[in-house]
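Understanding the architecture of this molecule
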Amino acid sequence: CLGNICRSPLAEGVARRRFADAGIRMVVASCGTGRWHVGEGADPRSRRVAAETGYDLESHRVRQLAAADYRQYDLLLAMDAANLAVMRRQCPSELQSRLGLFLEVAGVQAGGEVPDPYHGDLEDFREVRALVEHGVDGLIQRLA
């Protein structure tokens, strides 16, 4: 996502736990295309809604997407089209097939975006958490 404080930490926390529960061994990491919050923790609202359902984001530290990530990871998923566009511009042409929209790759929603809850309230963050859970479940089905 953009700042790596709201959506992507939630997605990382959900994916880590649900992949482990499903017996899928996979490296999962999140980052932002922007650098405003590098080194900070997840947004307190993300931490709160994650904790409500047993996901732990307390150790999360924001990092910015790096050039090495395109080669290090087999799949890089964006929360929305704007961030996917940034990633497409930065990614080497031979690695473009590794990029996609999270909900689309998960088979949940073609062209679907995870809305940014940053300017919203806790209910907006809860809706993002539920959407991310649905997306991660879709990824598990596709990977199984």
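None of the values given here were measured: they were computed from a predicted structure.

Some words on the pattern of salt bridges
- As enumerated under the stated definition, the model contains 14 salt bridges in all.
- A salt bridge links Glu52 to Arg126; its shortest N-O distance comes to 2.7 Å. You can see Glu52 sitting in helix α2 (residues 44–52) and its partner Arg126 sitting in helix α6 (residues 122–143), a full 74 residues away along the chain.
- Glu52 gets classed as partly exposed once you look at its relative accessible area, which sits at 38%.
- Owing to a relative accessible area of 23%, Arg126 belongs among the partly exposed residues under this scheme.
- Three or more residues are tied together by salt bridges with common partners; here these are Arg48, Glu52, Glu123, Arg126 and Arg129.

Regarding the nonpolar core
- Among the nonpolar cores identified, the biggest contains 28 residues, and Leu10, Phe19, Met79, Phe102, Val114, Val132 and Val136 are the most heavily contacted of them.
- Secondary structure elements with two or more residues in this core: α1 (7–21), α2, α5 (102–105) and α6.
- Non-local contacts of Val114, meaning those with residues more than four positions away in its chain, are made with Arg7, Met79, Phe102, Leu103, Val128, Leu131 and Val132.
- Tyr70, Tyr73, Leu76 and Leu95 belong to the second-largest nonpolar core, a separate cluster that totals twelve residues.

Considering α1
- The terminal C-alpha atoms of α1 lie 21 Å apart, and with 15 residues this matches the ideal 21 Å at 1.5 Å per residue to within 8%.
- Within α1, the full set of buried residues consists of Arg7, Ser8, Pro9, Leu10, Ala11, Glu12, Gly13, Val14, Ala15 and Phe19.
- Contacts made by the buried residues of α1 are with α2, α4 (81–90) and α6.
- Phi for Gly23, located one or two positions after α1, is positive at around 80 degrees.

Definitions and cut-offs
- Residue indices follow the written sequence of each chain, beginning from 1 at its first position.
- This being a predicted model, a pLDDT of at least 70 is required before a residue's local features are given, and a value of 80 or more before pairs of side-chain atoms are given or counted; all residues contribute to the totals for chains, interfaces and linings.
- With hydrogens and water excluded, all non-hydrogen atoms of the structure serve as input to the side-chain values.
- Any carboxyl oxygen of Asp or Glu within 4 Å of a side-chain nitrogen of Lys or Arg constitutes a salt bridge here.
- By the criteria applied, helices consist of DSSP H or I runs no shorter than four residues and strands consist of E runs no shorter than two, each listed in order from the N terminus.
- With a 1.4 Å probe rolled over the protein chains alone, any residue whose accessible area is under 20% of its type maximum counts as buried; one over 50% counts as exposed, and the rest are partly exposed.
- Only buried residues count toward a nonpolar core, which is a set of Ala, Val, Leu, Ile, Met, Phe, Trp, Tyr and Cys residues joined through side-chain atoms within 4.5 Å.
- Two residues qualify as a contact provided that any one of their heavy atoms is within 4.5 Å of a heavy atom in the partner residue.
- Here the expected length of a helix is defined as 1.5 Å per residue gap, with one fewer gap than residues.

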